[in-house]
Amino acid sequence: MSKLGPSKDKTLQKPADSPVGSGDKKEEKPIEDTILSEKIAAECLCLLGNTYLGDSYAYLKLDARERMLTNIDLIGCYQYIQFINLNNNLLNNPQLKVLAKIPCVIVLEINENLLETTAIPKLPFLQALIMKSNRIRQVVPFDHENLGYIDLQNNQISSMDDRCFQKLPNLLKMSIGNNLLTTTAGIKCESLFRHQWNSSCTDSSAPEEAAVEEDVAEEENAADFTDDIISVVSWTLDKNTE
């Protein structure tokens with residue numbers, strides 16, 4: 001019995017000590033990787049093309065998916081970026097304030113982060129805003145005059161009103177499936193209702209144009225929409241800078 005006692009203590013102590021040490025090291029790595037560094041940015045920048053001024057070339061896209069980022073302050077140094085993908089990170093709303101330093105963002109994807117509201121800085125050229133699978137409860141008024149597509153699926157939104165859309169004259173499509181909405185009553189957006197409305201609401205007060213589509217179809221439509229945007233980037237920027 002005396003031999004078994006000490007041997008058990010030792011075997012229990014060693015595994016207990018070693019995971020603690022290794023656990024500390026593992027915790028340090030995510031902390032380093034959560035900040036958007038120049039090294040990470042260099043790996044994420046792509047799509048070389050003309051800047052919106054047309055007088056030089058720059059990288060137009062930042063694809064920083066699945067980087068566990070909690071700080072993207074460095075993104076403000078890349079003022080010519082037009083397409084930003086920040087899916088599957090750990091970003092909250094305050095971290096998005098830096099986007100105000102990038103005047104020509106056209107497509108912004110921030111799926112599967114820690115967002116609790118739709119609040120982002122005013123982006124005059126923004127055409128597609130995709131915020132699926134966050135923790136969004138509050139939809140604040142959008143202020144992006146060229147915004148044509150909004151995707152807020154898989155959040156915790158329970159109410160919306162027409163004040164959110166008063167400054168969106170070009171909104172063509174909005175997807176809000178898999179939220180806590182029970183009705184679309186009170187949501188009035190003329191440009192949206194003239195086109196396509198996608199919602200999981202089946203309340204009789206919803207507009208006649210309302211339609212429920214499967215998630216697969218939504219993904220395909222979103223991809224087609226953003227592809228169309230990319231194909232007319234130069235035309236859009238030229239049109240709005242005249």
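Scroll up to find the structure this text is about.
This report concerns the structure included in the present document. (Residues numbered from 1 in each chain as written. Predicted model: local features only at pLDDT ≥ 70, side-chain atom pairs only at ≥ 80, totals over all residues. Heavy atoms only, no water.)

All right, on to the overall build of the chain then. Across its full length, the chain carries five helices and nine strands. Within the chain, buried positions represent 43% of all 242 residues. A fraction of 34% describes how many contacts in the chain between residues 6 or more apart in sequence connect residues 24 or more apart. Accessible surface computed for the chain: about 13,400 Å², of which carbon and sulfur atoms make up 51%. (Helix = DSSP H or I, 4+ residues; strand = E, 2+ residues; numbered from the N terminus. Buried < 20%, exposed > 50% of the residue type's maximum accessible area, 1.4 Å probe, protein only. Contact = heavy atoms within 4.5 Å. Areas by Shrake-Rupley, 256 points an atom, 1.4 Å probe, with all protein chains shown as cover.)

Attention now moves to the packing of aromatic side chains. Evaluation of the coordinates by the stated rule reveals one aromatic pair. Each ring, one from phenylalanine 142 and one from phenylalanine 165, has its centre 6.3 Å from the other, and the planes form 25°; the classification is stacked. Separated by 23 residues along the polypeptide, phenylalanine 142 in the loop between strand 5 (128–130) and strand 6 (149–151) and phenylalanine 165 in the loop between strand 6 and strand 7 (173–175) bring together distant segments of the chain. Across the pair, phenylalanine 165 and phenylalanine 142 agree in class, each one buried. (Phe/Tyr/Trp six-rings, centres within 6.5 Å; stacked < 30°, edge-to-face > 60°.)

We now examine the pairing of strand 1 (residues 45–50). The sheet contact formed by strand 1 and strand 2 (residues 57–63) spans five bridges and is antiparallel. By the bridge assignment for strand 2, cysteine 46 is matched with lysine 61. Between the antiparallel neighbours strand 1 and strand 2 lie six residues, among them glycine 54 with a positive phi of about 75°. (Pairing = 2+ DSSP bridges.)

A few words on a nonpolar patch on the surface. Together, Leu48, Tyr57 and Tyr59 line one region of the surface with nonpolar side chains, adding up to about 390 Å² of accessible area. Within the secondary structure layout, tyrosine 57 lies in strand 2. Looking at tyrosine 57, the relative accessible area reads 62%, which means it is exposed. (Patch = residues over 30% accessible without salt bridge, like charges linked within 9 Å, V, L, I, M, F, W, Y side chains within 5 Å. Salt bridge = Lys/Arg side-chain N within 4 Å of Asp/Glu carboxyl O.)

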